[in-house]
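Okay, here's what each chain looks like letter by letter:
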Amino acid sequence: MSAVPDANWAEGRSDTGLTPEERTVEQHLELLDRVIGLEEQLRELRTADLLGPTEVVAVERNLASMRASTTWRAGRVVTLPIRAARVIKRRLLG
Amino acid sequence: MSTEQAVAPGRHDVWIDAAGLAAGEGRRAVDAVIAAGVAPGSVYLVAHGGVDEAMRADLAHAARETGATLTEADAASLDDLIARTAAEVLVIVRGGRVVPDGIAKLDGFFARFPEVQAAYGDSTTDHGAPLLRPLFSPLRLFGNDYLGPVVAVRVGALRRLGGLRADARRSQVLDVVLRLDRAGETVALLPEVLAVEDLAHDDYAGTSDAQRRVVEHELASRGIRASVDQVEPFLRRVRYSVDDEPLVSVVIPTRGSSAEIGGTERALVVEAARGVIEGSTYGNVEVVIVADAETPTPVVEELERICGDRLRLVLWDAPFNFSGKMNRGAAAARGEFLMLLNDDVEIVTPDWLETMVGLARQPGVGIVGAQLYFEDSTLQHSGQVYTGGVAGHAAFGWEGGRDDSIKSLSVDHEVSGVTAACALVRRDVFLEVGGFSLAFPGNYNDVDLNMKIRATDRSAVFSPWARLYHFESKTRDPKILDTDISTLQSRWSRRMQVEMYSRML
């Protein structure tokens, strides 16, 4: 892309900004997005299922295939001593 | 919890559609169903009136040998079967063979999700290549019957529907699922392989034409004004009426850059605006340009010359923020619809706006995207794919004209999201969801917008019939920030784990 000159095309024009009503809309968008963003963050944390029947089965299949993978199994073997130590510690310390 | 369980005796009737089958295939289909645990007495070979004598004899022989029943495909005979059966689920097999655990998987799915009244599933080719289907979509079914070789329906739902429709002869399955959906019943994809499929579809027994008539009937029944073009056998284009031409505000953010396209230096936004005004058949548009302060004055003057009184110029004099610029454009826009458009595009199909507005007016549709090509005519955008909490593009870099086995690049269909390089959305919907988030100044703002719209139970839809070039570099480094990803995932991660729309792309 070529460089663009450093000038302001809007100088001398009076109609390049938003009207007060339009400015209100612009501010409303920003505020509303913040509220929706926070609401959706909360929904992500909820335990209630967000998925329908098809997605539930698909997620379970993904999980099952991951647990059947060599990588997962190797990881389980590698972390076996740590997991065993945790179980022993929990039983000893209550 | 698995979806699979043992097949309960007498729980299913299986109809094997004999249309298009070659000699011997009927027998193989029956054998596969019996091997899947269905009693021979519950299996019906359904023959259409047009079947020749030799084939009818072959089917009769298959029925005798296996203990299945040969029956006629007319609605009265089939309705009689539906009325008399004690089965709970009717499984219809079309052009494929059920896999050994296919019926058990369906059984488990229906048992686990009582709200599901009809289900279809994935399949493979004879060579084991997967044919993965998308979530249920009437809009996509209008363009192509993608349901595959196995469709199962609860008999109770069929009875509530009043049985089969005589006028839907040779396309009963498509008709039934569309009517179920219209009646508010749940039709769902079971994302498991249910059958081995024969991909060599001919326009057998006039099925393709029958499907077109079913779609026309369904559109009329839903009160949708549209015409249906048969593009090729089994593939249709639906043109939704936009006779009243609502005002579309085309919002283009720009800094007035130029680039060499096809060996010619050109001011990008000028050519984009020229395409909207002179290269489009849709008349009722305004062009809202949100221009950085450094936009060259000659570019602005050329825009004024091209667009005349249909131009609204708005200054952006703050640090770069794509989301902020688009929100400012939307605030200034007057149209019922917003066309969110990058300045580095060139319109290919003059009726792109009619196509996208028509789709955006359909029930449940929230945002509509187009097919975008790189300068070398490879695909840049055919919908977004969300998986593992991150976003990508479906069919990215594919050669133009290439498609998958379920015609994903030839039919209107729902996608996880569409790029904001070219997206149409109702202005009131855009305002309802807070527009673009300023938390995403450069990346993922469109992903977030799509997810916000989808969170209102509206869909994102891709249309291959609206085509544009997008002169973005294939190797563009989007400079994704850590905060882009963390903010996106904090809002949507759980709902972006599995891609269920573009599973073949």
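As recorded in an unreviewed UniProt entry, chain B goes by Glycosyltransferase and comes from Agromyces kandeliae.

Asker: I'd like to hear about the overall build of chain A, residue by residue, with values.
Answerer: The number of helices and strands found in chain A is four helices and zero strands. Listing the helices and strands of chain A from first to last along the sequence gives α-α-α-α.

Asker: Account for the domain arrangement of chain B, with residues named and values stated.
Answerer: All names here are of chain B. Here the domain parsing of chain B yields domain 1 (12–239) and domain 2 (248–496). Facing the 15 residues of domain 1 at the interface are twelve residues of domain 2. Elements supplying a minimum of two residues to the side of domain 1 that touches domain 2: helix 5 (138–143) and strand 11 (235–240). If one sorts the elements of the side of domain 1 that touches domain 2 by residue count, strand 11 sits on top with four residues. Looking at the side of domain 1 that touches domain 2 residue by residue, the class counts come to eight nonpolar, three polar and four charged.

Asker: Can you tell me about the interface of chain A and chain B, naming the residues and giving the values?
Answerer: Interface extent is often summarised as the accessible area lost during association of the parts. Taken residue by residue, the interface counts 33 residues in chain A and 45 residues in chain B. In terms of residue count, helix 1 (residues 20–45) of chain A provides more of the side of chain A that touches chain B than any other element does, twelve residues in total.

Asker: Tell me about the nonpolar core, and name the residues and values.
Answerer: Residue and element names in this part refer to chain B. Grouped together as the largest cluster of nonpolar side chains are 165 residues, with contacts concentrated most on Ile16, Val33, Leu45 and Val251. Counting residues per element, this core draws most heavily on strand 9 (residues 186–197), which supplies eight residues. Lining this core are residues from two domains, each supplying at least three of them: domain 1 (12–239) and domain 2 (248–496). When sequence neighbours within four positions are dropped, the list of residues in contact with Val33 reads Val14, Ile16, Val38, Val43, Val93 and Val98.

Asker: Describe helix 10 (residues 297–307) of chain B, naming the residues involved and giving the relevant values.
Answerer: Residues and elements named next belong to chain B. If you check which residues of helix 10 are buried, you get Val299, Val300, Leu303 and Cys307. One side of helix 10 holds all its buried residues, which, seen down the axis, span an arc of 100°. Summarising the geometry of helix 10, the exposed residues directed more than 90 degrees from the buried face are Glu301 and Arg305. Buried positions along helix 10 lie against strand 14 (264–267), helix 9 (268–278), strand 15 (285–292) and strand 16 (311–316). Among the residues trailing helix 10, Gly308 stands out with phi positive, at a value near 60°.

Asker: Outline the packing of helix 1 of chain A against helix 15 (residues 482–492) of chain B, listing residues and values.
Answerer: When two helices pack together, their arrangement is captured by the angle between the axes and the distance separating the axes. Taken N-terminus to C-terminus, the directions of helix 1 of chain A and helix 15 of chain B make an angle of 65°; their axes are 6 Å apart at the nearest point. Here Gly37, Glu40, Gln41 and Glu44 of chain A of helix 1 of chain A come into contact with helix 15 of chain B, specifically with Ser490, Arg491 and Trp492 of chain B. When its residues are assigned to classes, the contact of helix 1 of chain A with helix 15 of chain B shows one nonpolar, three polar and three charged.

Asker: I'd like a description of the UniProt feature "domain: Glycosyltransferase 2-like" (unreviewed entry) in chain B, backed by residues and values.
Answerer: Mapped onto this structure's residue numbering, the UniProt feature "domain: Glycosyltransferase 2-like" (unreviewed entry) falls at residues 249–432 of chain B. For residues 249–432 of chain B, the helix share is 26%, the strand share is 35%, and the end-to-end C-alpha distance is 17 Å.

Asker: Residue-level account of the domain arrangement of chain A, with values.
Answerer: Assigned domains within chain A: domain 1 (18–48) and domain 2 (52–94). The C-alpha-based centres of domain 1 of chain A and domain 2 of chain A are spaced at 38 Å.

Asker: Summarise unusual backbone geometry; cite the residues concerned and give the values.
Answerer: Residue and element names in this part refer to chain B. In this model, Phe234 sits at a positive phi of 70°, which is unusual for a non-glycine residue. Its location among the elements puts Phe234 in the loop between strand 10 (226–232) and strand 11. Residues other than glycine seldom take positive phi values, yet Glu245 does so here, at roughly 40°.

Asker: Tell me about the environment of Ala220 of chain B, and name the residues and values.
Answerer: Within the fold, Ala220 of chain B resides in helix 8 (residues 207–221). The sequence separation of Ala220 of chain B and Phe430 of chain B amounts to 210 residues, and the corresponding C-alpha distance is 29 Å.

Asker: Explain the environment of Ala195 of chain B to me, using residue names and the numbers behind them.
Answerer: Residue and element names in this part refer to chain B. Relative to the assigned elements, Ala195 resides in strand 9. Between the C-alpha atoms of Ala195 and Ile347, which are 152 residues apart in sequence, the distance is 42 Å. Residues contacting Ala195, with those up to four places away along its chain left out, are Gly96, Arg97, Val98, Val99, Gly102, Ser123, Gly148, Pro149 and Val150.

Cut-offs and rules
Residues numbered from 1 in each chain as written. Chains lettered and ligands numbered in written order. Predicted model: local features only at pLDDT ≥ 70, side-chain atom pairs only at ≥ 80, totals over all residues. Helix = DSSP H or I, 4+ residues; strand = E, 2+ residues; numbered from the N terminus. Domains from an automatic or database assignment. Contact = placed C-beta atoms within 7 Å. Nonpolar A, V, L, I, M, F, W, Y, C, P; charged D, E, K, R; others polar. Core = buried A, V, L, I, M, F, W, Y, C linked by C-beta atoms within 7 Å. Buried ≥ 20, exposed ≤ 12 C-beta atoms within 10 Å, placed from the backbone. Arc of directions from axis to C-beta. Axes fitted to C-alpha atoms, helices over the stretch in contact; angles between N-to-C directions. UniProt positions renumbered as here; feature names shortened; annotations may be inferred.

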